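As a plain string of letters, each chain reads:
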Amino acid sequence: MAQRTKMKHMATKPPRPAPAPRLPSRDEGGSVVLERRTQKTKPPQMYQVVMLNDDYTPMEFVVVVLQEFFSKDRETATQIMLKIHLDGKGICGVYTRDVAATKVDQVLDAANKAGHPLQCLSEPVE
Ligand code: TYC
């Protein structure tokens, strides 16, 4: 039993030394900086807005929606629309959660007002 208590830190590596205390340093302007923290914030989870194909929404409407709400130029909007038309769905853009939700609302609202069944959704990336 005495042996066991002595072996406390002997598993693989010796215990890590305590981190050096942070000392005040000077910034470029010469002011004393009392505290420097390493950045701990992670980038936010991003969401992709996915548009779905259907048989009724006019191609032109989709192109205009992509230009208006996703800031695509006419050519890019047309390519994305054709990709959705051929593959069944496509990504319109990638945004933070609230911005993606707003884009979905804008698209669904515009589609409803115009009487088209266009659907889109947002989903976390990865
Ligand atoms: N498939 C539609 C048509 O042929 C066009 C369309 C494209 C509809 C993309 C929706 O997300 C969409 N008129």
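Structural notes, computed from the coordinates.

**Brief notes about the sheet that holds strand S3 (residues 46-52)**
- Taking strand neighbours across the sheet as the criterion, the three strands line up as S4-S3-S5 in an open arrangement whose pairing is antiparallel. The open sheet has two free edges, formed respectively by strand S4 (89-96) and strand S5 (119-124), since each of these has just one partner strand. For this sheet, the mean inter-axis angle between neighbouring strands, taken without regard to orientation, is 25°.
- Bridging between S3 and S4 involves seven bridges; their strand directions are antiparallel. Counted as the bridge partner of Leu 52 is Lys 89 from S4.
- Contacting S3 and S4, helix H2 (residues 59-70) crosses the sheet at an angle of about 160° to S3.
- Of the strands in this sheet, S3 and S4 are in contact with helix H3 (residues 74-87), which crosses S4 at around 125°.

**Here's the deal with helix H4 (residues 97-114)**
- For H4, built from 18 residues, the straight-helix expectation of 26 Å at 1.5 Å per residue is met to within 8% by its first-to-last C-alpha distance of 26 Å.
- Here H4 has its buried residues at Ala 100, Lys 103, Val 104, Val 107, Ala 110 and Ala 111. Taken down its axis, H4 places every buried residue within 135° of arc, on the same side. What points out from H4, more than 90 degrees from its buried face, is the exposed set Arg 97, Asp 98, Asp 105, Asn 112 and Lys 113.
- As for H4, its buried residues are in contact with S3, H2, S4 and S5.
- Downstream of H4 by one or two residues, Gly 115 has phi in the positive range, about 80°.

Parameters at a glance
Residues numbered from 1 in each chain as written. Predicted model: local features only at pLDDT ≥ 70, side-chain atom pairs only at ≥ 80, totals over all residues. Heavy atoms only, no water. Pairing = 2+ DSSP bridges. Helix = DSSP H or I, 4+ residues; strand = E, 2+ residues; numbered from the N terminus. Axes fitted to C-alpha atoms, helices over the stretch in contact; angles between N-to-C directions. Contact = heavy atoms within 4.5 Å. Expected span 1.5 Å × (residues − 1). Buried < 20%, exposed > 50% of the residue type's maximum accessible area, 1.4 Å probe, protein only. Arc of directions from axis to C-beta.

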